[in-house]
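Fold and geometry: a report
Listed below are the residues making up each chain.
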Amino acid sequence: MTYDGRDRSAFWPEKLLVREESLADPLAKRLMSKLEGHAEISILSEKGDPLAADTAGDSSDAERFTKGKRTLLLQRHSGSWLKACPGTSGHVCCNLWIVNPGEGCPFDCTYCYLQSYLKRNPTLKLYTNIQEMLSEIETRASAEPNRMFRVGTGELIDSLVWDDLSEQTLELVPFFARIPNVLLELKSKDDYVENLLTLRNEHLGKTVVSWSVNAKSVTEKDERSTASLEQRIAAAEKVVEAGYRVGFHFDPLVHFEGWEDEYRDTVQSIFSRIPAERVAWVSISTLRYRSDLQDMMLARFPESKIPFGEQFLAKDRKIRYVQPLRFRMLHFVRDELMAIRKELPVYMCMESSSAWRQITGGAPVAGSELSEVFSRKGKLPIIEEGHHL
Ligand code: SF4
């Protein structure tokens, strides 16, 4: 299936596994029907991840992870769905809530933390009981009506990558429009927005569609199978035209020869087409990763330059750039963004309060343009003319 010149079936699964318990769920039926003739479909009765470290023979973590990218398992999720973003100790937290409608991603970014986080259970998964996820969000939000819940679905999965097959946004977006104190953030490196465009009169300003963006050469070399920077911006332009607000995450900022020019170009490319006042937030974060991810990167992407350079093991057990370089990069990109519009809500994700002090003059304060991101109570999103809560 081609969408805007991009062959989406190139990253559709080659194998679709469906647990017996999910067979009657509408999501499973939809995927089985759409993937018929494309993927080998099997019903699974036994529990566990079919590519789990202890059941998949003596293949290496890297081999199993690569294999997992081509296999999608449909199953029900058990346990709770909604959790506060764990953040990092000693770092300023942006109060995002997280739900995971699945886990794993068919795209293949060199630096993707899922390579270490999911390495023991690498099969891609989609949960077929997301009605239960929505009920849990509704119960929690109505128990605290004065609190604003900004909920993201893009922590363990790309929020749009399966949407042509799953059509999940057709359920999520109207649901979030109906509950007064929740706001949905979809986060993606994909450009499939067709379902979102059909909801132009139903989203009521309660969904922010955000894209992870990077320097063009990083996207080309280290974000395999994703939409190009140009395609992401074109998708953002379409959803803005449909009344959505958008977000951009400069994550991870990567250091390389000529990084200033390329990040400046990315900022300029975005804001030459997206009106700054339609941007709900922009985050900036430098490269960081757990030390075991380095082994996966070296095994899976031996040609990548990402694991090299002025990096060290920080207190939070993550490898980061040395502080002067990190601050220089954050400063530079923030300045480029603030030059576009000084009220642009730009925040630093996973950064210490000393970084906030040095780069922005202090932690975010109530009443600033960052209130929507950082306040526990939050504020209601700006509603477009013609849209009503
Ligand atoms: S798009 Fe995101 S989730 Fe998918 S491989 Fe890249 S970093 Fe990982």
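Cut-offs applied
Residues numbered from 1 in each chain as written. Predicted model: local features only at pLDDT ≥ 70, side-chain atom pairs only at ≥ 80, totals over all residues. Heavy atoms only, no water. pLDDT = per-residue confidence, 0-100. Contact = heavy atoms within 4.5 Å. 1 Å grid on protein atoms, 1.4 Å probe; cavity = no way out; pocket = protein on both sides within 12 Å on 5 of 7 lines; lining within 4 Å. Points joined across faces, edges and corners; volume = space filled by probe spheres on them. Helix = DSSP H or I, 4+ residues; strand = E, 2+ residues; numbered from the N terminus. Nonpolar A, V, L, I, M, F, W, Y, C, P; charged D, E, K, R; others polar. Phe/Tyr/Trp six-rings, centres within 6.5 Å; stacked < 30°, edge-to-face > 60°. Buried < 20%, exposed > 50% of the residue type's maximum accessible area, 1.4 Å probe, protein only. Lys NZ or Arg CZ within 6 Å of the ring centre and 35° of its normal. Pairing = 2+ DSSP bridges. Axes fitted to C-alpha atoms, helices over the stretch in contact; angles between N-to-C directions.

Moving on to the confidence of the model for the chain. Across the chain, the average pLDDT comes to 91, with 90% of residues at 70 or higher. Here residues 379-389 is a poorly scored stretch, pLDDT under 50, and it has 24 contacts once near neighbours within four places are set aside; other chains count.

Enumeration according to the criterion identifies two cavities of 30 Å³ or more in this entry. Roughly 100 Å³ of volume is contained in the largest cavity. Pro101, Asp158, Ser159, Leu160 and Gln168 are, among the 15 residues lining the largest cavity, the residues nearest its centre. At the level of elements, helix H5 (163-166) and helix H6 (169-178) are the ones that each hand at least two residues to the lining of the largest cavity. In terms of residue class, the lining of the largest cavity is made up of eight nonpolar, five polar and two charged.

Scanning the entire structure with this criterion turns up nine aromatic pairs. Summarising the aromatic geometry, the rings of Phe11 and Phe107 are spaced 5.0 Å apart at their centres and angled 75° between planes, so their arrangement reads as edge-to-face. Here Phe11, found in the loop between strand S2 (6-7) and strand S3 (15-19), pairs with Phe107, found in the loop between strand S9 (102-103) and strand S10 (108-109); they are 96 residues apart in sequence, far enough to count as distant. As far as burial versus exposure is concerned, Phe11 and Phe107 are alike and both buried. Its end group placed over the ring of Trp281, Arg150 keeps NZ or CZ at 4.7 Å from the ring centre.

This paragraph deals with the sheet that holds strand S20 (residues 318-321). Reading across the sheet, the three strands line up as S18-S20-S19 and stay open at both edges, with antiparallel pairing between neighbours. On the outer flanks of this sheet lie strand S18 (288-290) and strand S19 (311-313), each paired with one strand and no other. Averaged over all pairs of adjacent strands, the angle between their axes in this sheet comes to 25°, without regard to strand direction. The sheet contact formed by S19 and S20 spans three bridges and is antiparallel. For Phe312, the partnering residue across the bridge sits in S20 and is Arg320. Taken strand by strand, helix H12 (residues 323-340) contacts S19 and S20, and its axis lies near 65° from that of S20.

In terms of burial, strand S5 (residues 71-75) is a largely internal element, five of the five residues being buried. Examined bridge by bridge, S3 and S5 share four bridges and lie parallel to one another. Note that in S5 the partner of Leu17 across the bridge is Leu73. Sheet topology places S5 next to strand S11 (residues 124-127); four bridges connect them, and they run parallel. Of the residues in S11, the one forming a bridge with Leu73 is Lys125.

This part takes up unusual backbone geometry. Between Asp251 and the following residue, Pro252, the backbone shows a cis peptide bond with an omega angle of 0°. As for its position among the elements, Pro252 is in strand S16 (residues 245-253). Phi angles above zero are rare outside glycine, and Asp4 is one such case at about 50°. The topology assignment puts Asp4 in the loop between strand S1 (2-3) and S2. In the Ramachandran plot, Glu167 falls in the positive-phi region, its phi being about 55° despite a non-glycine side chain.

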